[in-house]
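Each chain, written out:
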Amino acid sequence: MDLSKHISSAHKTFSVWKKLPFRERQKFLLKLAEVLEKNKGRYAATITSEMHKPITQSIAEIEKSAGMIKFYATAENVLKPEKIKTEFTVSEVHYDAMGIILGVMPWNFPFWQVLRFAIPAILAGNVVLLKHASICFGSGDEIENAFAEAGFPESVFQNLRIGHDEIREILENPLVRGVSLTGSEKAGGTVAALAGKNIKKSVLELGGSDAFIILEDSAFEKAAKEGPWAKLQNTGQICNAAKRFIVHEKVEKDFVPKFIEEYTSYQPADPMKKDTKLSKMARPDLADDLEKQYKKALKNGAEIILPLERISENEFRPGIILVKEGNPVLQEELFGPLAILMVGKDDEDILKLANDIPFGLGNSVWTRDKKRAQYFIENLESGTVSINKATSSDTRLPFGGAKSSGYGVELSLHALKEFTQIKTVVGNI
Ligand SMILES: O=CCCCC(=O)O
């Protein structure tokens, strides 16, 4: 592929797009949201055929994406110049568009992840190149076509059917000013190093192993109902899924049977059927990795609560293991239908278990006691803390990670500033 052709076309468009007023750019977004709503059945079928997500979850992904686009289409312009009081007649902060931004995006939410990065970047006046996961090139094409159908100028958004090797060439091009990556820690480190070498801004949204903490004073029946969904939607392949269920020892006996009952209602089935809640994993090699982690956990003392049963090359009956501190599997992300259960003796112990991992995306705490909730809010090391609800992203609120889960912010009005150049204007005129 002639990358320079795509980059120069993007650059040409950038010089016009960045000059359009914020409100004019927003009008294109409203049309894009309409296109998504109109074509949602087709887009959802593409997602499911490419990465096997149950069809109702693919539809929900398109609906959530359309809602997010509408949020930005009607958002306050937080990028207008800010006046600062000084002794000068003019002192202002401007937020200038940066240029071409590359998105390196994963297969687990083939529309949502791409759009939640691209929309605020584009609304801020940038243009976008996409390197999608190779199993989701069809979704990438659909997104590019959706921009065209909504009437965006050509090359505001381009899907490049390229491999990892071309990322270097793109980031070395001086017209490309930044990169946003959602994916593994390994991919994030590699791409961020390339960006750093070329002095380009990067935003990283990486893995997680979030805790779902159930204290003895909580509405634990509700937690037992929501917990399995928090773990198993998208067949457990979500960065901010609840991956470790840390239960207070005083409620273990009440919580665990209810949790297992709900958990076993998730069994793999045809992803195209409307009542399917769990499906195949995206690729057989990912199922191999999960099975290896399962075996490693057991070898290091984990106990089986529910066995992880492989029933085809990329399909499992979901499993649960009871894991104790020190098991090396706790330092890894389990990206699939295998949950970890841990038991803590008091709040301090539970907090220690929750934080003792390399990641920090979105922990969830269940308690009726405001003081105890406050203790966890202040001390959990993660980008999000959810109280008495499962963690999930919300367009209106910032989304990002702590520690090895990444850096930078997506969603909310904060994301609008991620790919802007702050320009200080000061003096007398
Ligand atoms: O893998 C990360 C997916 C994020 C899903 C969400 O936005 O809730």
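Residues numbered from 1 in each chain as written. Predicted model: local features only at pLDDT ≥ 70, side-chain atom pairs only at ≥ 80, totals over all residues. Heavy atoms only, no water.

- Going by what an unreviewed UniProt entry lists, the chain is known as Succinate-semialdehyde dehydrogenase / glutarate-semialdehyde dehydrogenase and is assigned to Epilithonimonas mollis.

**As for helix H5 (residues 112-123)**
And step 1. Across its 12 residues, H5 extends 16 Å between first and last C-alpha, which sits within 8% of the 16 Å expected from 1.5 Å per residue.
And step 2. Among the 12 residues of H5, 12 are classified as buried, and the element is accordingly described as predominantly covered.
And step 3. Within H5, the full set of buried residues consists of Trp112, Gln113, Val114, Leu115, Arg116, Phe117, Ala118, Ile119, Pro120, Ala121, Ile122 and Leu123.
And step 4. In the segment just after H5, Gly125 is the residue with positive phi, at about 105°. (Helix = DSSP H or I, 4+ residues; strand = E, 2+ residues; numbered from the N terminus. Expected span 1.5 Å × (residues − 1). Buried < 20%, exposed > 50% of the residue type's maximum accessible area, 1.4 Å probe, protein only.)

**Some details on the UniProt feature "domain: Aldehyde dehydrogenase" (unreviewed entry) in the chain**
And step 1. UniProt annotation of "domain: Aldehyde dehydrogenase" (unreviewed entry) refers to residues 2-425 when read in the numbering used here.
And step 2. With 40% helix and 22% strand, residues 2-425 has end C-alpha atoms that lie 39 Å from one another. (UniProt positions renumbered as here; feature names shortened; annotations may be inferred.)

**As for empty space enclosed by the protein**
And step 1. One pass over the structure, following the stated rule, counts two cavities of 30 Å³ or more.
And step 2. Size it by volume and the largest cavity reaches roughly 70 Å³.
And step 3. Counting residues per element, the lining of the largest cavity draws most heavily on H5, at four residues.
And step 4. Taken together, the residues that form the lining of the largest cavity break down as eight nonpolar, one polar and three charged.
And step 5. Taken as a whole, the second largest cavity holds about 50 Å³ of empty space.
And step 6. The wall of the second largest cavity is formed by Arg244, Glu325, Gly326, Leu330, Gln331, Met342, Leu353, Asp356 and Ile357. (1 Å grid on protein atoms, 1.4 Å probe; cavity = no way out; pocket = protein on both sides within 12 Å on 5 of 7 lines; lining within 4 Å. Points joined across faces, edges and corners; volume = space filled by probe spheres on them. Nonpolar A, V, L, I, M, F, W, Y, C, P; charged D, E, K, R; others polar.)

**Quick look at the domain arrangement of the chain**
And step 1. On domain assignment, one finds that the chain holds domain 1 (3-206 + 405-427) and domain 2 (210-395).
And step 2. Taking the mean C-alpha position of each, domain 1 and domain 2 sit 31 Å from one another.
And step 3. Contacts between domain 1 and domain 2 engage 24 residues on the former and 28 residues on the latter.
And step 4. Taken together, the two surfaces of domain 1 and domain 2 that pack against each other cover about 2,100 Å², and 59% of this comes from carbon and sulfur.
And step 5. Taken as a group, His52, Trp107 and Ser405 account for 29% of the area that domain 1 buries against domain 2, more than any other trio of residues on that side.
And step 6. For the side of domain 1 that touches domain 2, the secondary structure elements donating two or more residues are helix H3 (40-51), helix H4 (55-73) and H5.
And step 7. Here the side of domain 1 that touches domain 2 takes six residues from H4, the largest share from any one element.
And step 8. Taken together, the residues that form the side of domain 1 that touches domain 2 break down as 12 nonpolar, seven polar and five charged. (Domains from an automatic or database assignment. Contact = heavy atoms within 4.5 Å. Buried area = accessible area lost by both parts, 1.4 Å probe.)

**Points about the pattern of salt bridges**
Opposite charge on two side chains permits pairing when their charged atoms draw close.
And step 1. With the rule as written, the count across this model stands at 27 salt bridges.
And step 2. Among the salt bridges present, the one from Glu61 reaches Lys53, with a minimum N-O distance of 2.7 Å.
And step 3. For Lys53, a relative accessible area of 2% puts it in the buried group.
And step 4. Through salt bridges with shared partners, a single ionic network connects Glu216, Asp217, Asp347 and Arg372. (Salt bridge = Lys/Arg side-chain N within 4 Å of Asp/Glu carboxyl O.)

**Observations regarding the sheet that holds strand S20 (residues 420-427)**
And step 1. A sheet is described by the order of its strands in space; here three strands give the open sequence S1-S2-S20, paired in antiparallel fashion. Across the chains shown, the open sheet's two edge strands, defined by having one partner strand only, are strand S1 (82-83) and S20.
And step 2. Two elements, S1 and strand S2 (residues 90-97), share two bridges in a ladder whose sense is antiparallel. Along S2, the bridge assignment pairs Lys83 with Glu92. (Pairing = 2+ DSSP bridges.)

**Examining the site of the ligand**
And step 1. Taken together, Asn108, Phe109, Trp112, Gln113, Arg116, Glu205, Ile238, Cys239, Asn240 and Ser393 make up the full set of residues adjacent to the ligand.
And step 2. Within the contact set of the ligand, an oxygen atom lies 2.8 Å away from a side-chain nitrogen or oxygen of Trp112.
And step 3. A distance of 2.8 Å is found between an oxygen atom of the ligand and a side-chain nitrogen or oxygen belonging to Arg116.
And step 4. Using a 2 Å cut-off from the grid points, one finds that the ligand occupies the second largest pocket.
And step 5. It is H5 that provides the largest number of residues to the shell around the ligand, a total of three residues.
And step 6. Partitioned by chemical class, the residues of the shell around the ligand number four nonpolar, four polar and two charged. (Near = heavy atom within 4 Å. Polar contact = N/O pair within 3.5 Å; in protein donor to acceptor, adjacent residues only side chain to side chain. Sits in = over half its atoms within 2 Å of the grid points.)

**Here's the deal with the packing of aromatic side chains**
And step 1. This model, assessed by the stated rule, comprises 15 aromatic pairs.
And step 2. Linked through ring pairs, Phe212, Phe245, Phe255, Phe259, Tyr263 and Trp366 together constitute an aromatic cluster.
And step 3. Sitting over the ring of Phe28, Lys31 keeps its end group 5.8 Å from the ring centre.
And step 4. It is Lys201 that lies over the ring of Phe419; its NZ or CZ is 5.9 Å from the centre. (Phe/Tyr/Trp six-rings, centres within 6.5 Å; stacked < 30°, edge-to-face > 60°. Lys NZ or Arg CZ within 6 Å of the ring centre and 35° of its normal.)

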